[in-house]
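If you want the building blocks of each chain, they are given just below.
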Amino acid sequence: MIRATASRRAAVIAWGLAVLIVLPYAVLAFGAFAQQWRYPALLPAGWSMRAWTALAGGGALLDAAGRSAVIALAVSLLSVTAALITSQALAIARHRERMQALALLPFFVSPVVIGMSLQQLLLRSGLDHGALGVLLAQSFIAYAYAVLLMNALWSPTLLAMGDAAAGLGASKLAIWREVWLPAGAGVIAMALFQTFSLSWFDYALARVIGGGRVVTLPIRVFEALSAGDLRVASAGSLLLVLPPAVAFLLARRLVAASPLLKVSQ
Amino acid sequence: MIAGLDVDGMSKRFDGRPVLDAVSLSVPRGELMAVLGPSGCGKSTLLRGIAGLIAIDSGTVTVAGRRVDHLPVRERGIVYLGQEPLLFPHLDVGGNLAFGLRLSRRPAQEIEDRVRQLVEELGLPGMERRNPADLSGGERQRVAFGRALAIEPAVLLLDEPFSSLDAMTRSRMQGLFRRVARRHAITTVLVTHDLKEALVMGDRFGLMQNGRLLSHPDRAAFAAAPGSGVAAERAFWDLLDTGPSAQSGPAARGHGDRDA
């Protein structure tokens, strides 16, 4: 009896959560394909592809999406690679707690402030208003997040596995290639996903550093939103959500299969 | 005496405190030296220093007549095996056994044959495709041992490898490790705080205290040494009087073999 009640309550909570999560996306989907959707109608009066045609107008949407994808992929690869090397060095550093605290410093500064100061730096090095500047600025923020995530990877067990591999004849490169990277694939995949999302969704840094010349997908969506075109903004938002959702599912599969989590040593 | 492992004057300080104080030891090829001592006396530091896993302040390490203390870990021909087997979790049993051979780019057929031979020798048939997470503690230790044997190291360092196993498995593992290491003529140093384990496995003995090592070439010398401590000595004589090794003579190594 008690068990049946608890199970009913769990089902209600699960459905409630599912509705809360799905509802915003359903609203976006209706908005993106609606011909007309006036208050107080619960559903659109008709369906249309107008928003998508407008968004794709002249290939601008594909351009923006492609640029966003390239920048986000580069940011995630650059920041996670740098964070892997940094966090490994921190894990074996003499005063590692103090050093790891240093890696958290970017969290104490607003991204806008970081953006402004980076812009000054990039201006002086001639990299402002370009995709490379946006990439470097986003990588700066993503790197701090990635270091934080990667700190969890370097357990004494993983480090000792490196020692064990060295005893079996592995060079430093072989330890990374044969032990640390495959054993830590789950954590690395999650960090790649997080940093990809951070860059993919970024508006402020791309706007400030890109100076309007680097048009990413979020910038296109915000342009539609500012112009009051909710249909186009809805379609753009849906598009914005799709790649991170796919990346998340892939990362989750890798985390679930993560050998480090399976070993009960 | 065929050269095995020689350590001369090894010292190491942590934060100004001496952990190893001019430690010297000598183990002929194929023999096993059991080093006993209380927790924190520097036993593990000694092994890690020999393996090159920590930098030593002074001293030399010579393996089969060749000085190795200036070489990186991977070039010393020394394998360190700790309490945790540290199997690579992304590889199955076969992959773990073949790890060192793959790194040295041996032919695929040779690797396959060697893995099959190790599986037989260590009693792991049918486990080649098993994941390390699905193995028992004893099985994991056997795979870690096999992974080390595969590359035929000159020296094997065992840092209390059986301490997390139950009594029966521990006894079997002691016998198996001893027998196989002897068959492959691997020079071995075992550190333990278990007197019985030391007596079962050791050919020669060392007693470590406050970073200093007193070496004894055989069981009798070790038992007679005043530094071995009253409690340890009493336990030793009790074991000789009542234990199965009493019937097997001074070479108690046979005792371990029977356990396996």
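Note on numbering: residues in each chain are counted from 1, in written sequence order. For this description, chains carry letters from A and ligands carry numbers from 1, given in the order in which they are written. Given that the model is predicted, a residue must reach a pLDDT of at least 70 before its local features are reported, and side-chain atom pairs must reach 80 or more before they are shown or counted; all residues, however, enter totals for whole chains, interfaces and linings. Hydrogens and water molecules were not included; the side-chain quantities draw on all heavy atoms of the structure.

### What about the overall build of chain A?
If you tally the helices and strands in chain A, you get 13 helices and 2 strands. C-alpha atoms of chain A, sized along the principal axes, occupy 70 × 70 × 30 Å. Burial classification: accessible surface area is computed with a 1.4 Å probe over protein chains only, and a residue below 20% of its type maximum counts as buried, one above 50% as exposed, and the rest as partly exposed. Split into buried and exposed, the 265 residues of chain A put 39% on the buried side. In this analysis, two residues are considered to be in contact whenever any of their non-hydrogen atoms come within 4.5 Å of each other. For chain A, long-range pairs separated by at least 24 residues make up 73% of all intrachain contacts whose partners lie at least 6 apart in sequence. Only the protein chains shown count as covering a residue, and every accessible area follows the Shrake-Rupley method with a 1.4 Å probe. Accessible surface for chain A amounts to roughly 14,700 Å². Of this, 70% is attributable to carbon and sulfur atoms. For the charge count, each Lys or Arg is scored as positive and each Asp or Glu as negative, with His and the chain ends excluded. In plain terms, the charge of a residue is placed at NZ if it is Lys, CZ if Arg, CG if Asp and CD if Glu. Between the centroid of the 19 positive side chains of chain A and the centroid of its 8 negative side chains there is a distance of 10 Å. The helix and strand labels rest on DSSP assignments: H or I over at least four residues marks a helix, E over at least two residues marks a strand, and numbering proceeds from the N terminus.

### Describing the sheet that holds strand 3 (residues 32–36) of chain B
Two orientations exist for strands paired in a sheet by backbone hydrogen bonds: parallel and antiparallel. Residue and element names in this part refer to chain B. A pair of strands is considered paired only if DSSP assigns at least 2 bridges between the two. Reading across from one edge, 6-7-8-3-9-10 is the order of the 6 strands in this open sheet, with mixed pairing throughout. The open sheet has two free edges, formed respectively by strand 6 (78–81) and strand 10 (212–216), since each of these has just one partner strand. On average, adjacent strands in this sheet sit at an angle of 20° to one another, irrespective of strand direction. Here strand 3 runs beside strand 8 (residues 187–192); their pairing, made up of 5 bridges, is parallel. Axis angles are defined between N-to-C directions and span 0 to 180 degrees, where every axis is a line fitted to C-alpha atoms and, for a helix, only to the segment in contact.

### Digging into the packing of helix 3 (residues 60–91) of chain A against helix 8 (residues 172–183) of chain A
Residue and element names in this part refer to chain A. Interhelical geometry of helix 3 versus helix 8 gives an angle of 90° and a closest axis separation of 14 Å. Considering their axes alone, helix 3 and helix 8 lie roughly perpendicular with respect to each other. The residues of helix 8 that touch helix 3, namely those facing Leu84, Ile85 and Gln88, are Trp176, Trp180 and Leu181. For classification purposes, an angle smaller than 35 degrees is called roughly parallel, one larger than 145 roughly antiparallel, one from 65 to 115 roughly perpendicular, and anything else oblique.

### Considering the pairing of strand 3 of chain B
Residue and element names in this part refer to chain B. Strand 3 sits mainly inside the fold: 5 of its 5 residues count as buried. Burial along strand 3 is two-sided: Leu32, Ala34 and Leu36 and Met33 and Val35, pointing in opposite directions, are all buried. Pairing of strand 3 with strand 9 (residues 204–209), which is carried by 4 bridges, proceeds in the parallel orientation. Bridged to Ala34 within strand 9 is Phe205.

### With respect to the packing of helix 8 of chain A against helix 2 (residues 93–103) of chain B
The interhelical angle for the contact between helix 8 of chain A and helix 2 of chain B, taken along N-to-C directions, is 150°, at an axis separation of 13 Å. As summarised for this structure, helix 8 of chain A and helix 2 of chain B are arranged roughly antiparallel, according to the angle between their axes. Crossing hand, helix 8 of chain A versus helix 2 of chain B: right-handed. Only Phe99, Arg102 and Leu103 of chain B of helix 2 of chain B make contact with helix 8 of chain A, whose side of the interface consists of Ala174, Glu178 and Val179 of chain A. Think of it as three bins: nonpolar holds Ala, Val, Leu, Ile, Met, Phe, Trp, Tyr, Cys and Pro, charged holds Asp, Glu, Lys and Arg, and polar takes everything else, Gly as well. Residues belonging to the contact of helix 8 of chain A with helix 2 of chain B are distributed by class as follows: 4 nonpolar, no polar and 2 charged. In this scheme, a crossing is called left-handed if the near helix is turned counterclockwise away from the far one by less than a right angle; it is called right-handed if the turn is clockwise.

### Let's talk about the sheet that holds strand 4 (residues 58–63) of chain B
All names here are of chain B. Spatial ordering of the open sheet is given by 2-1-4-5, a layout of 4 strands whose pairing is antiparallel. Each edge of the open sheet carries a strand with a single partner, namely strand 2 (17–27) and strand 5 (66–67). Pairing geometry for strand 4 and strand 5, over 2 bridges, is antiparallel. Bridged to Thr62 within strand 5 is Arg67. Its contacts with the sheet put helix 1 (residues 43–51) on strand 1 (5–14), strand 2 and strand 4, and the angle it makes with strand 1 is roughly 115°.

### A few points about the interface of chain A and chain B
At the interface, 24 residues of chain A touch 23 residues of chain B. By buried area we mean how much accessible surface two parts lose on assembly, using a 1.4 Å probe and totalling the loss over both. Taken over both partners, the interface formed by chain A and chain B buries close to 2,100 Å², and the fraction arising from carbon and sulfur atoms is 66%. Put simply, a salt bridge is a Lys or Arg side-chain nitrogen that is within 4 Å of an Asp or Glu carboxyl oxygen. Our count for the chain A to chain B interface comes out at 2 salt bridges. Across the pair Glu178 of chain A and Arg102 of chain B runs a salt bridge, and its minimum N-O distance is 3.5 Å. Here a polar contact is recorded for every N or O atom pair within 3.5 Å, except that within protein the pair must consist of a potential hydrogen donor and a potential acceptor, and residues adjacent in sequence are included only if both atoms are side-chain atoms. Run the count over chain A and chain B and you get 2 residue pairs in polar contact (both at pLDDT 80 or more). Put simply, the parts of the chain that give the side of chain A that touches chain B at least two residues each are helix 7 (156–167), helix 8 and helix 13 (259–262) of chain A. With 8 residues, the single largest contributor to the side of chain A that touches chain B is helix 7 of chain A.

### Considerations on the domain arrangement of chain A
Residues and elements named next belong to chain A. Entries for chain A in the domain assignment read domain 1 (1–48) and domain 2 (58–263). Domain start and end points were adopted from an automatic or database domain assignment. For domain 1 versus domain 2, the separation of C-alpha centres amounts to 32 Å. Counting residues at the interface gives 10 residues for domain 1 and 6 residues for domain 2. For the pair domain 1 and domain 2, the summed buried surface comes to about 610 Å²; carbon and sulfur atoms form 71% of the total.

### What to know about the confidence of the model for chain B
Residues and elements named next belong to chain B. How sure the predictor is of each residue is captured by pLDDT, a score from 0 to 100. Across chain B, pLDDT averages 84, with 86% of residues at or above 70. Mean pLDDT across the elements of chain B bottoms out in helix 9 (residues 253–259) (34) and peaks in strand 4 (95). pLDDT under 50 marks residues 243–260. Its contacts with residues more than four places away, or in other chains, come to 28 contacts. Here the complex is predicted with pTM 0.77, and the ipTM for its interfaces comes to 0.81.

### As for unusual backbone geometry
Residue and element names in this part refer to chain B. The backbone of Arg105 sits at a positive phi, close to 55°, despite the residue not being glycine. If you trace the backbone, Arg105 turns up in the loop between helix 2 and helix 3 (108–121). The exposure class of Arg105 is exposed, given its relative accessible area of 74%. Positive phi outside glycine occurs at Glu152, with the angle close to 50°. Tracing the chain through its elements places Glu152 in the loop between helix 4 (137–150) and strand 7 (155–159).

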